[in-house]
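Given next are the chains, with one letter for each unit.
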Amino acid sequence: MNVFLLNDTATIPHVGCQAVSDAHARLLGDAGHIVSDRAFLGELRSFAGSDEDAAIAAVLADPALRRRIEACDAMVINGEGTLHHGFGSEYFACLGAAQQLGKKTLIVNAVFEAHTGWLDILGRLDDFCIRDAESLRHAESLGLPARLVPDSFMAAVFSADAAVDLSGQIVVTDWHPFRDADVGATLRQILDNVEGSFYYPLQHGMHTHLWRGAVADWSAASIIITARHHGIYLAARAGKPFVALPSNTRKIEGLIAASGARIPVATSGDQVQAAFEYAMDNLDQYQKLFDWLAQQTPLTTFRALGNGEAEGGAAAELARLAQQVRGRHTGLAPQFWGLRNGAASTLSSS
């Protein structure tokens, strides 16, 4: 089956974005499908619009985009980071156009929150895979058929080779820019004042080339402090307890809730200290999350497509991804933020 994959994130130097793109190529290739076309993150933004009929008509009226849809058997939307608070209308419009042209339509790997409109389009999907319990609850409140499948990050292949020696370090990640005033301020304070803290941003220019070493990097750390959804997944893959802080949606809270684990989410410095102590005293809760994630694999993300007949498997699709992403970029300058150690006080587990 020829798949047109929209919102592919391979252009972003973020561990999670790179891993999800890698995973989708592997999952589709292993199932015998070909990703004959990709629209990378942001490339279809000009088709966004609040008038549903007009937005769908605009997609169908664009000769180049219509040809791309007509050439595929199925349209798949990577719902990572896009389908919440009014965002993602360009993808709903493309789905509506694909449905009118008789194509299979899927949303996978989705966060889904504070959504309005497009319910007819969503109701006609061949599959709607949501990553967390909060998003699933929202979909069900709208009467939409959806199912919970963990983030495609779980199907990415990482390397055993570490790029950074983090032995015994407290790893502190970056945060979503929408939370800079509270979460960002808390994490900056930790980096400035906590001895043994090491800044390891998930979005960084180095991850274009070194993202596969992230699990190996974190495996030597003592604990992770993260406000990134994929930071939780990376901690799980590395088998490390973590202190979680919130992101721009409730996807972190929803992931924890889906697992049934009792793990707090902190915002202030005092709460981070309490969560650090909780993690040291309740490692079984983190293992519960890790075990739940492991039990969900192999992922059923593309189950609705069935098995195709394409040969070559994951290797062929990874090569196709590399060819399709070549020369693409987001238009944003790469951000080569420094990696650094914190100093001064220590977090106490006593």
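Quick note: structure is the one above.
The rules behind each value
- Residues numbered from 1 in each chain as written.
- Predicted model: local features only at pLDDT ≥ 70, side-chain atom pairs only at ≥ 80, totals over all residues.
- Heavy atoms only, no water.
- Core = buried A, V, L, I, M, F, W, Y, C linked by side-chain atoms within 4.5 Å.
- Buried < 20%, exposed > 50% of the residue type's maximum accessible area, 1.4 Å probe, protein only.
- Helix = DSSP H or I, 4+ residues; strand = E, 2+ residues; numbered from the N terminus.
- Pairing = 2+ DSSP bridges.
- Contact = heavy atoms within 4.5 Å.
- Axes fitted to C-alpha atoms, helices over the stretch in contact; angles between N-to-C directions.
- Parallel < 35°, antiparallel > 145°, perpendicular 65-115°, else oblique.
- Left-handed = near helix turned anticlockwise from the far one by under 90°.
- Nonpolar A, V, L, I, M, F, W, Y, C, P; charged D, E, K, R; others polar.
- Right-handed = clockwise from strand over helix to strand, strands pointing away.

**Student:** Could you clarify how one ought to interpret the nonpolar core in this entry?
**Tutor:** Side chains of a nonpolar character, in soluble globular proteins, are inclined to be buried together. Counting residues in hydrophobic clusters, the biggest one holds 72 residues, and the most contacted among them are Leu 187, Trp 218, Ile 225, Phe 242 and Leu 289. Per element, the largest residue contribution to this core is six residues, and it comes from helix α10 (residues 229-238). Listed in part, the 34 residues of the second largest apolar core include Phe 47, Ala 55, Ile 56 and Ile 77.

**Student:** Can you help me understand the sheet that holds strand β2 (residues 34-40) in this one?
**Tutor:** The strands making up a sheet associate through hydrogen bonds between their backbones, and the pairing can be parallel or antiparallel. Read across the sheet, six strands follow the order β2-β1-β3-β5-β7-β8 without closing on themselves; strand pairing throughout is parallel. Each end of this open sheet is capped by a strand with a single partner; those strands are β2 and β8 (147-148). Looking at chain direction, strand β1 (residues 2-8) and strand β3 (residues 74-78) are connected through four bridges and run parallel. Note that in β3 the partner of Val 3 across the bridge is Ala 74. Strand contacts of helix α6 (residues 133-141): β5 (104-110), β7 (127-130) and β8, with the helix running at about 140° to β7, the strand carrying the most contacts.

**Student:** Mind showing me how you'd approach the packing of helix α1 (residues 15-30) against helix α14 (residues 313-325) here?
**Tutor:** Describing two packed helices takes the angle between their axes plus the distance from one axis to the other. Remark: α1 packs on α14, axes separated minimally by 7 Å, with the N-to-C direction vectors making an angle of 135°. Taken as axis vectors, α1 and α14 run oblique relative to one another. Where α1 crosses over α14, the handedness of that crossing is right-handed. Between α1 and α14, the residues in contact are Ser 21, Asp 22, Ala 25, Arg 26, Gly 29 and Asp 30 and Gly 313, Ala 314, Glu 317, Leu 318 and Leu 321, respectively. Among the residues making up the contact of α1 with α14, the classes are represented as four nonpolar, three polar and four charged.

**Student:** Mind showing me how you'd approach the pairing of strand β11 (residues 223-226) here?
**Tutor:** Taken residue by residue, a regular strand's side chains alternate between the two faces of the sheet. Burial of the side chains of β11 extends over both faces: Ile 223 and Ile 225 are buried on one face and Ile 224 and Thr 226 on the other. Direction of pairing for β11 relative to strand β12 (residues 242-244): parallel, over a ladder of three bridges. Considered in β12, the bridge of Thr 226 is made with Ala 244. Handedness of the crossover joining β11 and β12 through α10 is recorded here as right-handed.

**Student:** Would you take a moment to explain unusual backbone geometry for this structure?
**Tutor:** Most peptide bonds take the trans configuration, and most residues that are not glycine carry a negative phi. The residue after Thr 297, namely Pro 298, is reached through a cis peptide bond having omega 0°. As for its placement among the helices and strands, Pro 298 is situated in the loop between α13 (283-295) and α14. For Asn 7, which is not glycine, the phi torsion reads 65° and is therefore positive. Positive phi outside glycine occurs at Ala 114, with the angle close to 50°. In this structure, Ala 114 sits in the loop between β6 (112-113) and α5 (119-123).

That is the geometry; function is a separate question.
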